[in-house]
Amino acid sequence: MALAASLVAWVVGDLARRYESQRMTQQLDAQADLTVSLLGGLMLDAIIVEDVPVLETGLHEAIARNPKILAIQILSEDRKVIAERHALAMEASRNFVIYDRPIEWDGVVFSHMVVKWSTSEGQAMLRQKVRQTILWTVLSVAALSLLVLILIHILAMHPLQLIHQRMSDAISGLKRPLVRLPWYASREYSALNFSVGVME
């Protein structure tokens, strides 16, 4: 049972990790698209004329307001850096993704925005959700296993113990008061109990 519970917990944990990772990726994708479209729309004039001070101020404000953004670059069509900003306390960990999105207006691409997005908070939440899912799965499997063991004892082992005791008494010649089988005992147990009664 413990092996089965471990196997179920491992499978459920793996499925939960995959699902949560996929969901986090989709959310980050949507946030990156929204960030790029908002910043691109707000700073479109400055991007077209390559007004670096205005662009860097806008990027600084975007990073200051959203701590998940580690760095933003605005690149020209030929991929040269026009403006860039990094978070002051940029983390050294590898928990980040990079999104490269075009900035376009009426189908014309003016530049590209590259956003380095931290996934540390999302990874921590993902680990917590996976741990919680595994815990609830293990508790559920353990509770169901305990219930099965109790039912096996009540429905099968207890009537069998009563029949065994009667049979042992009949073989050894002891006479004890007759203990009836519980009402829920199966027909097979009743037939076995009747056979023991014939031996007495």
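Each remark here, short or long, concerns the structure printed above.
Values in this document were obtained by computation on a predicted structure and should not be read as measured data. (Residues numbered from 1 in each chain as written. Predicted model: local features only at pLDDT ≥ 70, side-chain atom pairs only at ≥ 80, totals over all residues. Heavy atoms only, no water.)

1. Description of the packing of helix α4 (residues 120–172) against helix α5 (residues 187–199)
In step 1: At a minimum axis distance of 9 Å, the contact between α4 and α5 shows a crossing angle of 10°. As the angle between them shows, α4 and α5 are arranged roughly parallel. Of the residues in α5, those in contact with Leu155, Ala156, Pro159, Leu160, Ile163, Arg166, Met167 and Ile171 of α4 are Tyr189, Leu192, Asn193, Val196, Gly197 and Met199.
In step 2: Class assignment of the residues belonging to the contact of α4 with α5 gives a composition of eleven nonpolar, two polar and one charged. (Axes fitted to C-alpha atoms, helices over the stretch in contact; angles between N-to-C directions. Helix = DSSP H or I, 4+ residues; strand = E, 2+ residues; numbered from the N terminus. Parallel < 35°, antiparallel > 145°, perpendicular 65-115°, else oblique. Contact = heavy atoms within 4.5 Å. Nonpolar A, V, L, I, M, F, W, Y, C, P; charged D, E, K, R; others polar.)

2. Some details on the nonpolar core
In step 1: In terms of nonpolar packing, the biggest core is built from 24 residues, with Met43, Leu55, Ile72, Ile74, Met113 and Val115 touching the most fellow members.
In step 2: The set of elements that each furnish at least two residues to this core consists of α1 (2–42), α2 (44–49), α3 (52–65), β1 (69–76), β2 (81–86), β3 (96–105) and β4 (108–118).
In step 3: At five residues, the largest contribution of residues to this core is made by α1.
In step 4: Aside from chain neighbours lying at most four places away, what touches Val115 is Val36, Ile69, Ala71, Ile72, Val97, Ile98 and Tyr99.
In step 5: Within the second largest apolar cluster, five residues are counted, among which are Ile163, Leu181, Ala185 and Tyr189. (Core = buried A, V, L, I, M, F, W, Y, C linked by side-chain atoms within 4.5 Å. Buried < 20%, exposed > 50% of the residue type's maximum accessible area, 1.4 Å probe, protein only.)

3. Here's the deal with a nonpolar patch on the surface
In step 1: Side chains of Leu144, Leu146, Leu147, Ile150, Leu151, Ile154 and Leu155 sit close together on the surface and give an oily, nonpolar patch of about 610 Å² of accessible area.
In step 2: Its location among the elements puts Leu155 in helix α4. (Patch = residues over 30% accessible without salt bridge, like charges linked within 9 Å, V, L, I, M, F, W, Y side chains within 5 Å. Areas by Shrake-Rupley, 256 points an atom, 1.4 Å probe, with all protein chains shown as cover. Salt bridge = Lys/Arg side-chain N within 4 Å of Asp/Glu carboxyl O.)

4. A short note on unusual backbone geometry
Glycine aside, residues mostly have negative phi angles, and peptide bonds mostly take the trans form.
In step 1: Located in the positive-phi region is Glu50, a residue other than glycine, with phi close to 55°.
In step 2: Along the polypeptide, Glu50 turns up in the loop between α2 and α3.
In step 3: Among the residues examined, Glu50 registers a relative accessible area of 45% and is labelled partly exposed.
In step 4: Here the phi dihedral of Arg79 falls at roughly 65°; this positive angle occurs in a residue that is not glycine.
In step 5: Positionally, Arg79 belongs in the loop between β1 and β2.

5. Focus: the sheet that holds β1
In step 1: What the four strands build is an open sheet, ordered β2-β1-β4-β3; its pairing is antiparallel. The sheet is open, and its two edges are formed by β2 and β3, each paired on a single side. Direction aside, neighbouring strands of the sheet carry axes that sit 15° apart on average.
In step 2: Sheet topology places β1 next to β4; seven bridges connect them, and they run antiparallel. (Pairing = 2+ DSSP bridges.)

6. Section: α4
In step 1: The first and last C-alpha atoms of α4 sit 73 Å apart over 53 residues, in line with the 78 Å expected at 1.5 Å per residue.
In step 2: The axis of α4 is deflected most strongly, by about 35°, at His153.
In step 3: Buried residues of α4: Leu126, Val130, Thr137, Val141, Ser145, Pro159, Ile163, Arg166 and Asp169, and no others.
In step 4: Positive phi appears at Gly173, one or two residues downstream of α4, with a value of about 85°. (Expected span 1.5 Å × (residues − 1). Bend = angle between axes of the 7 residues up to and from the residue.)

7. Some thoughts on the pairing of β2
In step 1: As paired strands, β1 and β2 are joined by five bridges and run antiparallel to one another. Counterpart to Ile72 in the pairing with β2 is Arg85.

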